[in-house]
Amino acid sequence: MKKDEPPLDFPDTLEGFEYAFNEKGQLRHIKTGEPFVFNYREDLHRWNQKRYEALGEIITKYVYELLEKDCNLKKISIPVDATESEPKSFIFMSEDALTNPQKLMVLIHGSGVVRAGQWARRLIINEDLDSGTQIPFIKRAMDEGYGVIVLNPNENYIEVEKPKIHVPSSSDSSDEPAEKRERKDKVSKETKKRRDFYEKYRNPQREKEMMQLYIRENGSPEEHAVYVWDHFIAQSAAENVFFVAHSYGGLAFVELMIQREADVKSKVTAVALTDSVHNVWHQEAGKTIREWMRENCCNWVSSSEPLDTSVESMLPDCPRVSAGTILEVGGHSSKQ
């Protein structure tokens, strides 16, 4: 880590970064037309990474806007009975998500930095919006008459600055002799000086110390999936519910099945998994769940084999078939 690291002070808009999405949905520099450059400053990997993360946060908000404006989805706050002061998350739904009598599509992304509407942040930045977001899935589903619910399983907490704890100095002890207090104060000042010297290198930008406040009943992807099922999907009018779940989203779906087996079986018609990381043994899915998954689920996995070619599975659950690519296209990769 370098002492002369530039300030971690980045723009909060795409325009501020001098980038924009072109008509093909590709992120390009507004002056040069070049793709995003990660190594903006040589030999400053930490600074470059922080810059990349700042851009990623802007893109997350940009995708949220597209879900509302381009896909006409509604942003729904959760928990549904949240007080004004407690931490909240949200999901997105089409107008007819709960009233469509025929069919409902539910989308669950994987783990990491991605949020609602995204498959892979890196694909959005380095490829295009169609490759890295759920928007093509949402639009096709709506065109074919589905209601749509987009989960947000990684939005599990909000971050707030840690309150500073006042540590009374030794001189506050008025019953100690003055000479003893002076010695203690000297030691304390030396200790603080060493700590500040170390902290300068550990945290050169003096970044704020943050703490996490978890969202009630949505503190993990698994909790979130069950919550959205109980409060939205289970209440929907749709006769047939379909899931598309990527990577860790597949694990969250299996956990949902374990906790709500009878309900899921009665409403869900089919599940499309992509590079799912679920494990029926580790998750202790029972025999009846494994049998249902064999009949109603399919896991498309990264493979050089032609699309839909059967791929051997070590687990006795759902069929695995080739996604037709080993590249990170259309959300068929867990990398973000």
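Refer to the structure presented above.
This one's a predicted model, so the numbers in the text were calculated from it and none came from an experiment. Along every chain, residues carry numbers that run from 1 in the direction the sequence is written. Thresholds applied to this predicted model are a pLDDT of at least 70 for local features of residues and 80 or more for the giving and counting of side-chain atom pairs; totals over whole chains, interfaces and linings are not thresholded and use all residues. Only heavy atoms go into the side-chain values, all of them from the structure, while hydrogens and water stay out.

A. Structural detail: the packing of aromatic side chains. Think of it this way: a Phe, Tyr or Trp ring, Trp meaning its six-membered ring, pairs with another when their centres are within 6.5 Å, and the plane angle makes it stacked under 30 degrees, edge-to-face over 60, tilted otherwise. Summed over all chains, the structure comprises 14 aromatic pairs. Each ring, one from tyrosine 64 and one from phenylalanine 90, has its centre 5.0 Å from the other, and the planes form 80°; the classification is edge-to-face. Remark: phenylalanine 90 occurs in strand E4 (residues 89-93) and tyrosine 64 occurs in helix H2 (residues 45-69); sequence separation between them is 26 residues. Only protein chains enter the accessibility calculation, which uses a 1.4 Å probe. A residue is then buried if its area is under 20% of the maximum for its type, exposed if over 50%, and partly exposed in between. We classify tyrosine 64 as buried; its relative accessible area is 10%. Since its relative accessible area comes to 14%, phenylalanine 90 is described here as buried. One aromatic cluster in this structure is built from Tyr19, Phe36, Phe38 and Tyr52. By definition, being over a ring means that NZ of Lys or CZ of Arg is both within 6 Å of the ring centre and within 35 degrees of the ring normal. Directly above the ring of phenylalanine 90 sits lysine 75, whose terminal nitrogen or CZ lies 4.1 Å from the centroid. Put simply, DSSP H or I for four residues or longer makes a helix, DSSP E for two residues or longer makes a strand, and each gets a number counted from the N terminus.

B. Representation of the side chain of aspartate 128 in the model. Within the secondary structure, aspartate 128 sits in the loop between helix H3 (121-126) and helix H4 (129-132). Positive charges come from Lys and Arg, negative ones from Asp and Glu, while His and the chain ends are left out of the count. We count a salt bridge whenever a side-chain nitrogen from Lys or Arg sits within 4 Å of a carboxyl oxygen from Asp or Glu. Buried within the structure, aspartate 128 lacks any salt-bridge partner; its nearest side chain of opposite charge belongs to arginine 28, at an N-O separation of 7.9 Å. The term polar contact refers here to a pair of N or O atoms within 3.5 Å; inside protein, the definition further demands a hydrogen-donor-capable atom paired with an acceptor-capable atom, and it admits residues adjacent in sequence only when both atoms are side-chain atoms. Within polar-contact distance, the side chain of aspartate 128 engages the backbone nitrogen of serine 131 at 2.7 Å.

Coordinates in, geometry out; function isn't part of it.
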